[in-house]
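Secondary and tertiary structure notes
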Amino acid sequence: MVFRMLAVLYEFERDQISDRTRFALDHKRAQGEKTGGDVPYGYLVEDGKLIPHPEERQAVALILDLHAAGFSLRAIARELEARGHLTRRGLTKWHPDTVAGILEREAA
C-alpha cells in the first residue's frame, strides 16, 4: 500500500514538472526567444531572440505561396532551386522533406 502511494505521488510530481516545463517553453516561444535545437530556416538568433533573416524569409514566403497554389513538395523544391534560393547549409539542392519541415513550422 505504501509503495502504491509513493508511486502515485511520484507520477503526480512528474506530471507537474512536465506541465511547468511546457508552460515555460511556450512562454519563451511567445516572447520570440530561442528554446533549443537548430535555428529555424528563415530566422537568425540575436541576443537569444529569433529575428527574421531577410533572404531566407523570401524563400519561406515563396514556399507558402506555392503550397497555397497547390504545388507538391517536390515541385516547390524544384522552384526554389530554379530561383536560386539556398538551403541553410548553402546548398542549391532542396529536398521535399526540408520544404515539408518549413511548412509545418510556419503553420504552427
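Structure's up top.
As the structure is a computational prediction, the values presented were derived from the model and not from experiment.

**Focus on a nonpolar patch on the surface**
On the surface, Val2, Leu6 and Leu9 cluster together into a nonpolar patch covering about 320 Å² of accessible area. Mapped onto the fold, Leu6 is located in helix 1 (residues 2-30). On the basis of relative accessibility, which here comes to 53%, the residue Leu6 falls in the exposed class.

**Topic: helix 2 (residues 54-68)**
Helix length check: helix 2, at 15 residues, gives a terminal C-alpha distance of 21 Å against a target of 21 Å (1.5 Å per residue), a fit within 8%. Every buried residue of helix 2 is accounted for by Glu56, Ala59, Val60, Leu62, Ile63 and Leu66. Buried positions in helix 2, seen along its axis, are confined to an arc of 160 degrees and lie on one side of it. Set apart from the buried face of helix 2 by more than 90 degrees, the exposed residues are Pro54, Gln58, Asp65 and Ala68. Where the residues of helix 2 are buried, they touch strand 1 (43-46), helix 3 (73-82) and helix 4 (96-107).

**Regarding the pairing of strand 1**
Pairing between strand 1 and strand 2 (residues 49-52): four bridges, direction antiparallel. When the bridges of strand 2 are listed, Leu44 appears paired with Ile51. Where strand 1 hands over to strand 2, the hairpin turn is made up of two residues, of which Asp47 adopts a positive phi near 55 degrees.

**Brief notes about the pattern of salt bridges**
On inspection of all chains with the given rule, the structure shows eight salt bridges. Of the charged contacts, one joins Arg22 and Asp19 as a salt bridge, the two residues approaching to 2.7 Å between their closest N and O atoms. Remark: Asp19 and Arg22 occur in helix 1; sequence separation between them is three residues, near one turn of the helix. Arg22 gets classed as partly exposed once you look at its relative accessible area, which sits at 40%.

**Describing helix 3**
Considered for burial, the residues of helix 3 that qualify are Ile76, Ala77 and Leu80. One side of helix 3 holds all its buried residues, which, seen down the axis, span an arc of 100 degrees. Facing away from the buried side of helix 3 by over 90 degrees, the exposed positions are Arg74 and Ala82. Looking at the buried positions of helix 3, the neighbouring elements they touch are helix 2 and helix 4. Phi for Gly84, located one or two positions after helix 3, is positive at around 80 degrees.

So, how was this worked out
- Residues numbered from 1 in each chain as written.
- Predicted model: local features only at pLDDT ≥ 70, side-chain atom pairs only at ≥ 80, totals over all residues.
- Heavy atoms only, no water.
- Patch = residues over 30% accessible without salt bridge, like charges linked within 9 Å, V, L, I, M, F, W, Y side chains within 5 Å.
- Areas by Shrake-Rupley, 256 points an atom, 1.4 Å probe, with all protein chains shown as cover.
- Salt bridge = Lys/Arg side-chain N within 4 Å of Asp/Glu carboxyl O.
- Helix = DSSP H or I, 4+ residues; strand = E, 2+ residues; numbered from the N terminus.
- Buried < 20%, exposed > 50% of the residue type's maximum accessible area, 1.4 Å probe, protein only.
- Expected span 1.5 Å × (residues − 1).
- Arc of directions from axis to C-beta.
- Contact = heavy atoms within 4.5 Å.
- Pairing = 2+ DSSP bridges.

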